[in-house]
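Overview (structure and organization)
Next come the chains, spelled out residue by residue.
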Amino acid sequence: MNHPVNNTEESAPMFLRASGITKKYKEHRAVDNVTLEIDQGEVVSIIGPSGAGKSTFLRCINFLEMPTEGTVSIGKESVAVRTDSRLPSRAELAAIRRSVGMVFQSFNLFPHLTALRNISLAQERVLGRSGEEADEKSYQLLKRVGLDKKATAYPGQCSGGQQQRIAIARALALDPLVMLFDEPTSALDPEVGAEVLAVMRELADEGMTAIVVTHEMSFARDVSDRMVVMVDGSVVEEGDPHAIMSAPSHERTRQFLSAVVGR
Ligand SMILES: Nc1ncnc2c1ncn2[C@@H]1O[C@H](COP(=O)(O)OP(=O)(O)OP(=O)(O)O)[C@@H](O)[C@H]1O
Ligand SMILES: [Mg+2]
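First things first, this report covers the structure right here in the doc. As the structure is a computational prediction, the values presented were derived from the model and not from experiment.

1. Thoughts on the overall build of the protein
Along the backbone of the protein there are nine helices and 10 strands. What you see for the protein is a C-alpha radius of gyration of 18 Å, in line with the 18 Å of a compact globule of 263 residues. Dimensions of the protein, computed from C-alpha atoms along their principal axes, come out at roughly 50 × 45 × 45 Å. Classification of the 263 residues of the protein by burial places 50% in the buried group. Across the protein, the fraction of contacts at a sequence separation of at least 24, relative to all contacts at a separation of at least 6, is 62%. Only carbon and sulfur atoms are counted for the fraction: they give 47% of the accessible area of the protein, which is about 12,900 Å².

The structure is reproduced here in structure tokens:
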């Protein structure tokens, strides 16, 4: 995707900026001073070996995990965490969380609710939409992920790939500014994983802003505008996905790529 640069707005804040994010577990720095900016409509993939801190970083962006230090700004909202000051208030966190949709490896759908109601529930609770209004939006989203025929099905009657597409629709239903995906296909068979990746690719083409942690290298190369390589809590390399994959500049990236690409 191309992002025209408007020189008159050079100093305008990025769409999302997570800066100086550090997360310590005791003395272990799972995420060590990571900064990531993403522009509207951009898709950034984060790759790296197990334990690199990819999930922890993603979870810090929407405060599912409280960073030890760092600032997250999305749109007009900004929340800073400092070791020497009070933690952000619930209201401050809620404002950021509302702007961010998250899709996990495990789909976490409510088993006793239909696909449609799984998508409607948070719209009613968080956004105060009426049941009718929420269901209409949910139905449109199910259509968008190719599952309108499953509206009245329960999660147990859907394949893993279908459940993940329902989970994506659920996250989109709150009209987030940014979507975060944490290895959305790694629990799926390759075939159904491909259906999920196809939906993500369509959403990216339609302008979704997203940060995607993935081991799907062809997806990362072909769909993301930018690739970030994390190792041991830090970003070791960042740039054009094709360039990184064909000529990584960091030894750890080379090691990681030869391990995943040869798999
Ligand atoms: N709740 C926790 N308590 C203590 N340590 C944790 C906790 N969560 C994560 N860690 C540690 O933080 C580091 C980063 O973990 P994280 O799950 O973010 O890695 P990852 O890059 O997502 O790995 P994977 O590719 O396996 O998902 C690891 O060393 C992990 O053991
Ligand atoms: Mg992870």
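From this point, the narrative continues.
2. Examining the nonpolar core
Among the nonpolar cores identified, the biggest contains 36 residues, and Leu142, Ile166, Ile168, Met179, Phe181 and Met200 are the most heavily contacted of them. Elements with a minimum of two residues in this core: α3 (115-127), α4 (131-144), α5 (160-172), β7 (178-182), α6 (190-205), β8 (210-213) and α7 (217-223). With seven residues, the top contributor of residues to this core is α6. Sequence-distant contacts of phenylalanine 181, defined by excluding residues within four places in its chain, comprise Leu58, Val103, Ile168, Met200, Met208, Ala210, Ile211, Val212 and Val213. Judged by nonpolar contacts, the second largest core, of 30 residues, contains Phe15, Ala52, Ile61 and Leu180.

3. Quick look at the site of ligand 1
By nearness alone, every residue bordering ligand 1 is listed as Tyr25, His28, Ala30, Pro49, Ser50, Gly51, Ala52, Gly53, Lys54, Ser55, Thr56 and Glu183. Serine 50 is positioned such that a nitrogen or oxygen atom in its side chain is 2.6 Å from an oxygen atom of ligand 1. Between ligand 1 and threonine 56 there is a distance of 2.5 Å, counted from an oxygen atom to a side-chain nitrogen or oxygen. Here ligand 1 loses 58% of its free accessible area of 640 Å² to cover by the protein chains. Among the elements that line the shell around ligand 1, the one with the most residues is helix α1 (residues 54-61), at three residues. Looking at the shell around ligand 1 residue by residue, the classes come out as four nonpolar, six polar and two charged.

4. Points about α3
Over its 13 residues, α3 extends 19 Å from the first C-alpha to the last, a length consistent with the 18 Å expected when each residue adds 1.5 Å. At the exit of α3 stands glycine 128, carrying a positive phi of roughly 70°.

5. Quick look at the side chain of glutamine 123
Within the element layout of this structure, glutamine 123 appears in helix α3. Here alanine 134 takes part through its backbone oxygen, which lies 3.4 Å from a polar atom of the side chain of glutamine 123. Setting aside chain neighbours within four positions, we find glutamine 123 in contact with Gly128, Arg129, Ala134, Lys137, Ser138, Ala173 and Leu174.

6. Remarks on the packing of α3 against α4
Relative orientation of the contacting elements α3 and α4 amounts to 125°, with a least axis distance of 8 Å. The angle between α3 and α4 places the two elements in the oblique class. The hand of the α3/α4 crossing is right-handed. Here Ala115, Leu116, Arg117, Ile119, Ser120, Gln123 and Glu124 of α3 come into contact with α4, specifically with Gly131, Ala134, Asp135, Lys137, Ser138, Tyr139, Leu141 and Leu142.

7. Description of the sheet that holds strand β3 (residues 43-47)
Spatial ordering of the open sheet is given by β6-β7-β8-β3-β9-β10, a layout of six strands whose pairing is mixed. Since the sheet does not close on itself, it has two edges, and those belong to β6 (100-103) and β10 (234-239), each with one partner. Recorded for the sheet is a direction-independent mean angle of 20° between the axes of neighbouring strands. In this sheet, β8 lies alongside β7 in parallel orientation, the contact comprising four bridges. If you follow methionine 179 over to β8, its bridge partner there is alanine 210. On top of the sheet, α5 reaches β6 and β7; it is set at about 170° to β6, its chief contact.

What counts, and where the lines are drawn
Residues numbered from 1 in each chain as written. Chains lettered and ligands numbered in written order. Predicted model: local features only at pLDDT ≥ 70, side-chain atom pairs only at ≥ 80, totals over all residues. Heavy atoms only, no water. Helix = DSSP H or I, 4+ residues; strand = E, 2+ residues; numbered from the N terminus. Rg over C-alpha atoms; globule rule 2.2 N^0.38 Å. Buried < 20%, exposed > 50% of the residue type's maximum accessible area, 1.4 Å probe, protein only. Contact = heavy atoms within 4.5 Å. Areas by Shrake-Rupley, 256 points an atom, 1.4 Å probe, with all protein chains shown as cover. Core = buried A, V, L, I, M, F, W, Y, C linked by side-chain atoms within 4.5 Å. Near = heavy atom within 4 Å. Polar contact = N/O pair within 3.5 Å; in protein donor to acceptor, adjacent residues only side chain to side chain. Nonpolar A, V, L, I, M, F, W, Y, C, P; charged D, E, K, R; others polar. Expected span 1.5 Å × (residues − 1). Axes fitted to C-alpha atoms, helices over the stretch in contact; angles between N-to-C directions. Parallel < 35°, antiparallel > 145°, perpendicular 65-115°, else oblique. Left-handed = near helix turned anticlockwise from the far one by under 90°. Pairing = 2+ DSSP bridges.

These results come straight from atomic positions and should not be treated as a statement about function.
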